[in-house]
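As a plain string of letters, each chain reads:
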Amino acid sequence: MNMITTNFTVTEFVFLGLSSQPKMQLILFIMFLFFYLLTVVGNIIIITVIQIETRLQTPMYFFLTNLSFLDICYTSTDVPQMLSNMMGRKKTIPFPRCATQMYFSLSLGMTECVLLGVMAYDRYVAICHPLHYTVIMNQRTCVQLAGISWASSFLSSTVINIFTLSLPYCGPNVLDHFFCEVPSILRLACTDTSFTEMVVFIFTIIIVFIPFLLIVVSYARILLTVLRMRSASGRHKALSTCGSHLTVVALFYGTGIFMYMRPQSKTSRAGGKIIAVFYTVITPMLNPLIYSLRNQDVKGALRRALEKQRT
């Protein structure tokens, strides 16, 4: 720890945020506050419905519960700080708090990548090996897969943050971003960051790209299995359970890979902030909407829960 702290001469960072115009900041504050509240409420509803509806006590919805809880934590790591900066005069964050935010934001983002890969594997087993599904995806296996998703991501984030925070930061301290994120912090280091960028790239391949390959392979096998089905209703049911997951994967992975698997020199700062908005704000907000609107089981459970409230 002493090795890391001796490299700190910057005591705080100043956020430039998404806009410097007061009127635009007010508009963005209202918009992102609405997005944040919708994210928290929507995901709490998904978790509650899954817990009270016995028909949803399956591996698929166990992982969806993990995803909803994860999205609440993920967006709560970054958005409150962004809202505070938009309305406050002092748009700063102390170095230790910045390091903490960076660690948890990266950890939770990586966890979502691995968890989406696990959810794709769950759909593969359910559709391609339906007779063995309950045996393969038993409760113990589901808990182990969820635990591996969380543990491997937090461990990887620890390594990346150690390398990032070991660099000297002697100024400037103006952060062209709305929260503390590894790519934006590395730009402010007072030394060559090539090795650290390589470390980030390697762990991105392990935690992000390998689960993405698992998703691609799983859905390739699912597609082949669905095409062999003789029943049109069977094909529709199989594809409908995968549609929500594929939509979430496309949104989260598309922006995450674009941000973390490109050299820092080729990343536009303005473009980087817009991309970050998608995977830190938009995707966690859309997840409960996607899974409720495109999933017949969840819609049915919500309908039954509302009917019970009325009676």
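Rules and cut-offs
Residues numbered from 1 in each chain as written. Predicted model: local features only at pLDDT ≥ 70, side-chain atom pairs only at ≥ 80, totals over all residues. Heavy atoms only, no water. Disulfide = S-S within 2.5 Å. Helix = DSSP H or I, 4+ residues; strand = E, 2+ residues; numbered from the N terminus. Buried < 20%, exposed > 50% of the residue type's maximum accessible area, 1.4 Å probe, protein only. Salt bridge = Lys/Arg side-chain N within 4 Å of Asp/Glu carboxyl O.

Caption draft 1: Up close: the state of the cysteines. Following the criterion strictly, the structure yields two disulfides and no others. There is a disulfide in this structure between C98 and C180, and the S-S distance comes to 2.0 Å. Torsion about the S-S bond of the C98 and C180 cystine: about -120 degrees, corresponding to left-handed handedness. Of this pair, C98 sits in helix 4 (residues 95–128) while C180 sits in the loop between strand 3 (174–175) and helix 7 (182–186), and the two are 82 residues apart along the sequence. The same class applies to C98 and to C180, which are both buried. C170 shares a disulfide with C190; S-S distance 2.1 Å. In this structure, the disulfide formed by C170 and C190 twists by about -140 degrees around the S-S bond and is classed as left-handed.

Caption draft 2: Structural view of the pattern of salt bridges. Applying the stated criterion across every chain, the model contains three salt bridges. K273 is paired through a salt bridge with D176; the nearest N and O atoms lie 2.9 Å apart. Remark: D176 occurs in the loop between strand 3 and helix 7 and K273 occurs in helix 10 (residues 269–293); sequence separation between them is 97 residues. Residue classification places K273 among the buried positions, given a relative accessible area of 11%.

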